[in-house]
Amino acid sequence: MKIDFLQLYAEVGVCYEITDAVLNPLIENLNELNKTLPHYNKLFKTIDYDLIFTISATQEHKDLVYGPLASSKRKEVLFTIFIPYKTFNSFTQQMFYILDTIAEGIIFVFNKYKTDPSGVKKVFETLKTLIVKDPEKYQKWLKALED
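Cut-offs used in this document
- Residues numbered from 1 in each chain as written.
- Predicted model: local features only at pLDDT ≥ 70, side-chain atom pairs only at ≥ 80, totals over all residues.
- Heavy atoms only, no water.
- Helix = DSSP H or I, 4+ residues; strand = E, 2+ residues; numbered from the N terminus.
- Buried < 20%, exposed > 50% of the residue type's maximum accessible area, 1.4 Å probe, protein only.
- Contact = heavy atoms within 4.5 Å.
- Expected span 1.5 Å × (residues − 1).
- Pairing = 2+ DSSP bridges.
- Axes fitted to C-alpha atoms, helices over the stretch in contact; angles between N-to-C directions.

Visitor: Can you walk me through the side chain of Ser71 in this structure?
Guide: If you trace the backbone, Ser71 turns up in strand β3 (residues 65-71). Residue Ser71 is classed as buried on the basis of its relative accessible area of 15%. Residues contacting Ser71, with those up to four places away along its chain left out, are Phe44 and Glu76.

Visitor: Explanation requested: helix α1 (residues 20-31) in the structure shown.
Guide: Side chains three or four residues apart in an α-helix point the same way, a direct result of the helix having 3.6 residues per turn. With 12 residues, α1 extends 16 Å from end C-alpha to end C-alpha; this agrees with the ideal 16 Å at 1.5 Å per step. In this fold, the buried residues of α1 make contact with β1 (2-7), β2 (50-58), α3 (91-112), α4 (120-133) and α5 (135-139).

Visitor: Which parts of the structure should I look at to understand the sheet that holds strand β4 (residues 76-84)?
Guide: Remark on secondary structure: sheet strands pair via backbone hydrogen bonds, oriented parallel or antiparallel. On the basis of which strands lie adjacent, the open sheet formed by four strands has the order β1-β2-β4-β3 and mixed pairing. If you trace the sheet from one side to the other, it starts and ends with β1 and β3, each paired once. Within this sheet the neighbouring strands show an average axis-to-axis angle of 20°, counted without direction. Pairing of β1 with β2, which is carried by six bridges, proceeds in the parallel orientation. Residue pairing in the sheet places Ile3 in a bridge with Leu51 of β2. Of the strands in this sheet, β1 and β2 are in contact with α1, which crosses β1 at around 155°. Packed onto the sheet, α3 meets β1, β2, β3 and β4 and runs at close to 140° relative to β4.

Treat this as a map of the structure, not an account of what it does.
So, in structure tokens, the structure goes:
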């Protein structure tokens, strides 16, 4: 199973600046945990599928995690993690809040599907430590956004 992230902000003026400099190491380190969801291993008859978390922000009170939306044809399982929208004085504070909420969402999904979430918190704590050491590095996009 490969973990990936998408960002979708449906509410005007409600979004977070999560760069690929933050998401890339997060994806890489989560995938190194080699987790799978037994339910989808059986459904897809393989461990070669994508677990995709869409990150969204909301001003409404919503459940933390929505989903799943599964596609047998594409071998994808999608969940949406809704992060309650707040403004912050610093990039670091904002990233800590976002990363803590995403970690909570992933652990919720793993627990729901009887997958041991060990290692997930450590991945997020390691990334937060790196962001504190060099916030400017993680604020910049590694790859220019396409128009």
